[in-house]
Amino acid sequence: GYTDNVGNPASNLKLSAARAGSTVAALVARGADAARLEGEGFGDQFPVADIATAEGRQRNCRIDVRVTAK
């Protein structure tokens, strides 16, 4: 989970971890094996868009999913 760069960095890190946890919970509710999932929050690290624009900040508030094994 990720956030934009607005606000307190510690709060953003906590928010991004909660965002990741909610995603994991939603996948488990849809039948995914919880033992095979891991959620992690990165706060405002690793932006994918311009942090100087509202559109860019919105794009940085996201969840990325990485599949490492079937």
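Small disclaimer: the values here were computed from a predicted structure and weren't measured.

Q: Just to check I follow, could you spell out the overall build of the protein for this structure?
A: Summing up its helical and strand segments, the protein has two helices and zero strands in all. Summarising its shape, the C-alpha atoms of the protein cover approximately 40 × 20 × 15 Å along the three principal directions. Long-range pairs, those at least 24 residues apart, make up 56% of the contacts in the protein between residues at least 6 apart in sequence. Surface summary for the protein: the accessible area is close to 5,100 Å², and the carbon and sulfur share equals 54%. Mean positive and mean negative side-chain charge positions of the protein (9 and 8 charges, respectively) differ by 5 Å.

Q: What should I look at first to understand helix α1 (residues 9–29) in this one?
A: Within an α-helix, residues lying three or four positions from one another point in the same direction, as the helix has 3.6 residues per turn. With 21 residues, α1 extends 30 Å from end C-alpha to end C-alpha; this agrees with the ideal 30 Å at 1.5 Å per step. Residues of α1 that are buried: Asn12, Ser16 and Ala20. Buried residues of α1 fall within an arc of 80° about the axis and therefore sit on the same side. Residues of α1 that are exposed and point more than 90 degrees away from the buried face comprise Ala10, Lys14 and Ala29. Where α1 starts, the residue carrying a side-chain oxygen 2.7 Å from the main-chain nitrogen of Ala10 turns out to be Asn8. Gly31 sits one or two residues past α1 and shows a positive phi near 105°.

Rules and cut-offs
Residues numbered from 1 in each chain as written. Predicted model: local features only at pLDDT ≥ 70, side-chain atom pairs only at ≥ 80, totals over all residues. Heavy atoms only, no water. Helix = DSSP H or I, 4+ residues; strand = E, 2+ residues; numbered from the N terminus. Contact = heavy atoms within 4.5 Å. Areas by Shrake-Rupley, 256 points an atom, 1.4 Å probe, with all protein chains shown as cover. Lys, Arg positive; Asp, Glu negative; His and termini not counted. Charge placed at Lys NZ, Arg CZ, Asp CG, Glu CD. Expected span 1.5 Å × (residues − 1). Buried < 20%, exposed > 50% of the residue type's maximum accessible area, 1.4 Å probe, protein only. Arc of directions from axis to C-beta. Polar contact = N/O pair within 3.5 Å; in protein donor to acceptor, adjacent residues only side chain to side chain.

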